[in-house]
Amino acid sequence: MKIKIVAVGSFVLILSLFFFQSNVLTLNDVAKEKEEELETRGVFLSYIELKKYLYQKDDKTSKKNIRKIIKTMKDMHFDLLILQVRSFSDAIYPSHIFPSSKVVVTKEGEPLPYDYLDYFLKEAHKENIEVHAWINPYRVSSNANIGELSVKNPASSWIGTSRVEVIPDKGIYYNPASTEVKDLIVKGVEELVESYDIDGIHLDDYFYPSKTVDLVSYEESASTKSLYAYRLDHVNDLVKRIYQTVHKKENIVFGISPQGNIENNYESQFADVRTWASEKGYVDYLMPQVYYGFYNEAKPYYEVVKEWDSIIKNKDVSLYFTLALYKAGSIDQFAKSGANEWIDENDILKKEVLIARNLSHYKGFSLFRYDYLVSPDLQVENTIQEIDHLKEILN
């Protein structure tokens, strides 16, 4: 295998790359040793796919599309579907709390043709595929037009209060520091857990929507803590409450996909990932979005996954990695000198999985996102080759 050295002006980083390359030489042997171990393999199905495969489709067509999604996953040896059931303050299932989603109906709040979540669950469980209900807790809308909100949307009655912020050119968001907002989110999780045979609840990396959303709440609280600590506390409180709600029922887990850059979680999202990884009562798994190649100058994959593995102090917290199938064949604009890696290479995902299997707390991986597995309009030659190489180690 060819050796690449990225000139980053750091002898330590160069040594790390040499160390990585020496390990790659033995990856095939490692793969053989790990073949019999249980590895979870997930796929993210976002609201983008839901709109494509379900929106304005008759029942027969949409159900056929759902079955095809499940069959594709089964055929490719994936066993976890991370299904975005609430991408905004809405639902793709009949909810007593949130209106129906305009991802699947023409106008928010219209009657659902059928219970999409229930059908996904039935079809997935037939094939022994787990379903984790993925929710975005704070996002109400991706645009700032309050007139598009259904009267059934909890946010509609909170417009103009400190519970909701309308951000021009960005959207409408709940205030993470509001007690009423946290109660609403937890109640929504409780509805999912009690009403459906789901296998897990999943949050992504969107926590704090802006640096102004909670300023009124902070001033009114007269907190003696810094604004930074105040925000960490509120996110931690929500995470802990969701964990407690999920675990009122047996055989359900709670996990989060934070940003791959650990420091970014603290600086922009106020997501206390080190606490979640080390203390009991927060999460059952972490699935960081490690959207980096091996030659990313700022965040090389090998260094990032080692760092995540090192912060897992609670033995009951499993570690999975979300990998960037969507980057195949494209320029990685933030990778600096490694910007062309996803164009020059076509077996990155395979190597990333093989490397991860050596880590102490690793339990599996997921791909972002489903459509890049199947849609010719999103795929380039590198995408297809990445998938083919990945299949070589998925038995």
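Check the entry above for the structure.
The present account deals with the structure reproduced in this document. Since this is a predicted model, take the numbers as computed values, not measurements.

Before going further, it helps to spend a moment on the nonpolar core. Buried together is how nonpolar side chains tend to be arranged in soluble globular proteins. Grouped together as the largest cluster of nonpolar side chains are 116 residues, with contacts concentrated most on Trp276 and Phe321. It is helix 8 (residues 227–246) that contributes the most residues to this core, 8 residues altogether. When neighbours within four sequence positions are excluded, phenylalanine 321 is seen to be in contact with Met287, Pro288, Val290, Tyr301, Val305, Trp308, Ala356, Leu359, Tyr362, Gly364, Phe365 and Ser366. Formed by 7 residues, the second largest nonpolar core is a distinct cluster that contains Phe44, Leu80, Tyr285 and Tyr320.

Side chains of Lys60, Lys64, Arg67 and Lys68 sit close together on the surface and give a patch of like positive charge. By the element assignment, lysine 60 lies in helix 4 (residues 59–75).

Counted according to the given criterion, the structure contains 20 aromatic pairs. Ring centres of tyrosine 93 and tyrosine 196 lie 5.7 Å apart, and the angle between their planes is 70°; this geometry places the pair in the edge-to-face category. Residue tyrosine 93 is located in the loop between strand 2 (80–86) and helix 5 (116–126), and its partner tyrosine 196 is located in the loop between helix 6 (179–195) and strand 7 (200–203); the two are separated by 103 residues in the primary sequence. Residue classification places tyrosine 93 among the buried positions, given a relative accessible area of 1%. Using a relative accessible area of 8% as the deciding quantity, one classes tyrosine 196 as buried. Their ring planes at 65° and their centres at 5.8 Å tell us that tyrosine 228 and phenylalanine 270 sit as a pair that is edge-to-face. Separated by 42 residues along the polypeptide, tyrosine 228 in helix 8 and phenylalanine 270 in the loop between helix 9 (262–269) and helix 10 (273–278) bring together distant segments of the chain. With a relative accessible area of 38%, tyrosine 228 lands in the partly exposed category. Phenylalanine 270 sits in the buried class, given a relative accessible area of 4%.

Below, the discussion takes up the layout of surface pockets. Quantified by volume, the largest pocket comes out at close to 800 Å³. Along the lines of polarity and charge, the residues of the lining of the largest pocket split into 12 nonpolar, 12 polar and 6 charged.

Definitions and cut-offs
Residues numbered from 1 in each chain as written. Predicted model: local features only at pLDDT ≥ 70, side-chain atom pairs only at ≥ 80, totals over all residues. Heavy atoms only, no water. Core = buried A, V, L, I, M, F, W, Y, C linked by side-chain atoms within 4.5 Å. Buried < 20%, exposed > 50% of the residue type's maximum accessible area, 1.4 Å probe, protein only. Helix = DSSP H or I, 4+ residues; strand = E, 2+ residues; numbered from the N terminus. Contact = heavy atoms within 4.5 Å. Patch = residues over 30% accessible without salt bridge, like charges linked within 9 Å, V, L, I, M, F, W, Y side chains within 5 Å. Areas by Shrake-Rupley, 256 points an atom, 1.4 Å probe, with all protein chains shown as cover. Salt bridge = Lys/Arg side-chain N within 4 Å of Asp/Glu carboxyl O. Lys, Arg positive; Asp, Glu negative; His and termini not counted. Charge placed at Lys NZ, Arg CZ, Asp CG, Glu CD. Phe/Tyr/Trp six-rings, centres within 6.5 Å; stacked < 30°, edge-to-face > 60°. 1 Å grid on protein atoms, 1.4 Å probe; cavity = no way out; pocket = protein on both sides within 12 Å on 5 of 7 lines; lining within 4 Å. Points joined across faces, edges and corners; volume = space filled by probe spheres on them. Nonpolar A, V, L, I, M, F, W, Y, C, P; charged D, E, K, R; others polar.

Everything listed here is a matter of geometry and, on its own, says nothing about what the molecule does.
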